[in-house]
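Residues per chain are reported as follows:
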Amino acid sequence: MATHTGAAPSRGRRFVSQLRRLYAVPTAAFGTTVFVLFLALALLGPWIAPYGANQQDYQGARMAPSSLHWFGTDHLGRDVFSRVLLGAGEILWLSGGGTLLAVLCGTAIGLLSGYLGGWLDELIMRLFDSLLALPALLLALLMLGILGASAWSVLIVMVVVYTPIVARVVRSVVLSVKTRGFVEAARLQGESLGWILFREILPSVLPTLAVETAVRFSYGIFLVASLGFLGVGVQPPSPNWGLMVKEARQTISQTPWALYYPAGAISILVIGVNLMADGLKRIFQTRHD
Amino acid sequence: MLGYSLRRLGFLLLTVLLTSVIIFSVTQWLPGDVCRIILGREAGEKALDACRQDLGLEAPLPVQYLRWLADFSGGDWGQSFSTRTDIFPLVMQRLLNSLRLAVLTLLISVPLAVGLGVLAGLNEGKLVDNLISIGSLSVVGLPEFVTGILLIQLFSFELRRWGLPSLPANSSIRPEAGFVESLPSLILPAITATLVLLAYIARLTRSGVLEEMKQSYVRTADLKGLPRHIVVVRHILPNALLPTITVIAISFGWLISGLVVIENVFNYPGLGRLLVFAIDRRDLPLMQAVALVTVVGFALANLVADLVYALLNPRIRYTEGN
């Protein structure tokens, strides 16, 4: 990171202009487009969905895709297209919200812990080490076993599982930056702790943080869907894609479409976010070399 | 080396101890009274008191923790709330099943992944490399439950429809079945897990190869006229594969939990399915036992990774020793 010589605001601005390079890498451009598309569908979902997520029509159960039901209907006569569409909002809200909360907590803890150092830093890092000694999915399952299965539990689980990871990454960047001249200068000028952390150090953390956020986000989507599939996360009748796959498995020979459309949606979304995260990695890591 | 190993072992014990505190205290938050859960809503105050006495719930928490830890290390894991049977034999049997699946997965995925990674690394930027990285990025994105169900459709239902020999769709073998008996049921779950691991190991192998190709000793070997394949096999690979060894050991630990979803897709009686079962029933002792066993397995895999790495790379044990 030898290029960080400018003042804080210009580093922030450079970060934003770097983000635009996402569209220069074809795979990243594809991934970002997929993500933006899903985001748009999620936002518009409630307006463009032809049916409600749990609107049942027993007469029209198990119908193959047609002009009336684009993705067919499931064993309860619910419109699969509407459920997949509304499910986009559900999964992006949960995994995006969980990721953002974890990134906020992790950044705050990582900045403070890394900058202040001392016994507090030592204590926090040892605690996080032992949390990370548990495989993420195990910790998630254990917590859900105690909190009970619900969307809120899934959100809490994501924050607890991802905060230590983000905090560690942020802290390692802080440690490498805090002895640099511009931080030293700010301290000698008597700037407040908040100013030093957020205006001086944070801009240097942003590239790493962007990559980490994207990676966590893709794992988060994966986690929310997997927990839904296992039946320990979001509960029926929510249009969670993992849960839809689980329910449709029982009737796969009669209503294969009820399984393949949500399964396809989750696959495309995760691949898209993965490609976007990979693009961010390429943009920011080439700069570090 | 001995000093290094002992230090690592001490570190492992410390980690396991700390996580055992976490597991114990996390399960203390469970809303409601454990005895209420065991005895049901209609239980009288007297029965509840007796039950609490029985389980030692009157004692202060640190004492309860120490008792729990002592019982656990002594092999007395108590009884499951939901099955009313001893936990120890149940967990051990499921652990064995999960280990079988994990070992088979590694046997398939490691040679394949290392091969693909080396191929991609040696052809950096060319078509082969791009195909492998796009392929692995896409496979990484597919959740295990999607790939698992697709594989079942393909290799079980479709093959059977065409009258061809097919693999079982349901891997719910008898829990005490032997390895040979359960092998056909293991193939599809193992392939599913392979798809997850493949991309991960291949990408790390690729970057290891790229890293080594930049080194000056490789240029020296090239310039002194050694044929390319000898440079690759004798000089690049031994160094490039070092980090991969660590990764393989870590993936073994990862597999223990990564298999949770796969075991549930295939109804395979492993540790992961037992955990989901325990969570469904809110079976506290069973949850604790499965979690601790998993943590110990995870930590052991990490220990093996560290030791093998130090054995092969003297720089590590010397710098850490001083």
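Note that the structure is a prediction, hence the values are computed from the model and not measured.

Residues and elements named next belong to chain B. Most of helix 12 (residues 271-280) sits inside the fold, with 7 of its 10 residues counted as buried. Of the residues making up helix 12, those classed as buried are Leu-271, Gly-272, Leu-274, Leu-275, Val-276, Ala-278 and Ile-279. Where helix 12 terminates, the next one or two residues include Arg-282, which has phi positive at roughly 55 degrees.

What follows concerns the nonpolar core. Residues Ile-91, Leu-141 and Trp-241 of chain A together with Val-91 of chain B are the most contacted members of the largest nonpolar core, which totals 143 residues. It is helix 10 (residues 256-288) of chain A that contributes the most residues to this core, 14 residues altogether. Each of domain 1 (2-73) and domain 2 (88-312) of chain B contributes no fewer than three residues to this core. Not counting chain neighbours up to four residues away, the residues in contact with Val-91 of chain B comprise Trp-77, Leu-271, Leu-274, Leu-286, Ala-289, Val-290 and Val-293 of chain B. Counting residues in each nonpolar core, the second largest holds 17 residues, with Val-103, Leu-111, Val-177 and Val-183 of chain A among its members.

As a further point, take the side chain of Thr-163 of chain A. Relative to the elements of secondary structure, Thr-163 of chain A occurs in helix 6 (residues 151-177). Among residues more than four places away in sequence, those in contact with Thr-163 of chain A are Ala-102, Cys-105, Gly-106, Ile-109 and Met-158 of chain A.

Residue and element names in this part refer to chain A. Across the interface, helix 3 (residues 80-116) lies against helix 4 (residues 118-132) with an axial gap of 7 Å and an inter-helix angle of 135 degrees. What the angle tells us is that helix 3 and helix 4 run oblique. The hand of the helix 3/helix 4 crossing is left-handed. Contacts between helix 3 and helix 4 involve Ile-109, Ser-113, Gly-114 and Leu-116 on the former and, on the latter, Gly-118, Asp-121, Ile-124, Met-125 and Phe-128.

Turning our eyes to something else, we now look at the domain arrangement of chain B. Residue and element names in this part refer to chain B. Structurally, chain B comprises domain 1 (2-73) and domain 2 (88-312). For domain 1 and domain 2, the distance between their C-alpha centroids amounts to 33 Å. Contacts between domain 1 and domain 2 engage 16 residues on the former and 14 residues on the latter. Summed over both sides, the interface between domain 1 and domain 2 buries roughly 1,400 Å², with carbon and sulfur atoms accounting for 81% of that surface. Counting every contact that joins domain 1 to domain 2 gives 1 residue pair in polar contact (both at pLDDT 80 or more). Ranked by the residues each element gives to the side of domain 1 that touches domain 2, the list is headed by helix 1 (residues 2-28), at 11 residues.

Now for the pattern of salt bridges. Residues and elements named next belong to chain A. Tallied over the full model, the rule gives 13 salt bridges over all chains. As a salt-bridge pair, Glu-122 and Arg-126 come within 2.6 Å of each other at their nearest N and O atoms. A residue pair is termed a helical-turn pair when its members lie 3 or 4 positions apart in one helix, as Glu-122 and Arg-126 do in helix 4 at 4 residues. By relative accessible area, Arg-126 is classed as partly exposed at 41%. Put simply, Glu-122, Arg-126, Asp-129 and Arg-168 are held in one network by salt bridges that share partners.

Quick look at the interface of chain A and chain B now. In this assembly, 35 residues from chain A lie in contact with 39 residues from chain B. Taken over both partners, the interface formed by chain A and chain B buries close to 3,400 Å², and the fraction arising from carbon and sulfur atoms is 79%. Inspection of the region where chain A meets chain B yields 1 salt bridge. Across the salt bridge formed by Asp-278 of chain A and Arg-203 of chain B, the nearest N and O atoms sit 2.7 Å from each other. When contributions to the side of chain A that touches chain B are tallied by element, the ones reaching two or more residues are helix 4, helix 5 (136-147), helix 8 (193-230), helix 9 (241-249) and helix 10 of chain A. Considering every element that reaches the side of chain A that touches chain B, the biggest residue donor is helix 10 of chain A, with 10 residues. For the side of chain A that touches chain B, a count of residues per class yields 25 nonpolar, 8 polar and 2 charged.

Rules behind the numbers
- Residues numbered from 1 in each chain as written.
- Chains lettered and ligands numbered in written order.
- Predicted model: local features only at pLDDT ≥ 70, side-chain atom pairs only at ≥ 80, totals over all residues.
- Heavy atoms only, no water.
- Buried < 20%, exposed > 50% of the residue type's maximum accessible area, 1.4 Å probe, protein only.
- Helix = DSSP H or I, 4+ residues; strand = E, 2+ residues; numbered from the N terminus.
- Core = buried A, V, L, I, M, F, W, Y, C linked by side-chain atoms within 4.5 Å.
- Domains from an automatic or database assignment.
- Contact = heavy atoms within 4.5 Å.
- Axes fitted to C-alpha atoms, helices over the stretch in contact; angles between N-to-C directions.
- Parallel < 35°, antiparallel > 145°, perpendicular 65-115°, else oblique.
- Left-handed = near helix turned anticlockwise from the far one by under 90°.
- Buried area = accessible area lost by both parts, 1.4 Å probe.
- Polar contact = N/O pair within 3.5 Å; in protein donor to acceptor, adjacent residues only side chain to side chain.
- Salt bridge = Lys/Arg side-chain N within 4 Å of Asp/Glu carboxyl O.
- Nonpolar A, V, L, I, M, F, W, Y, C, P; charged D, E, K, R; others polar.

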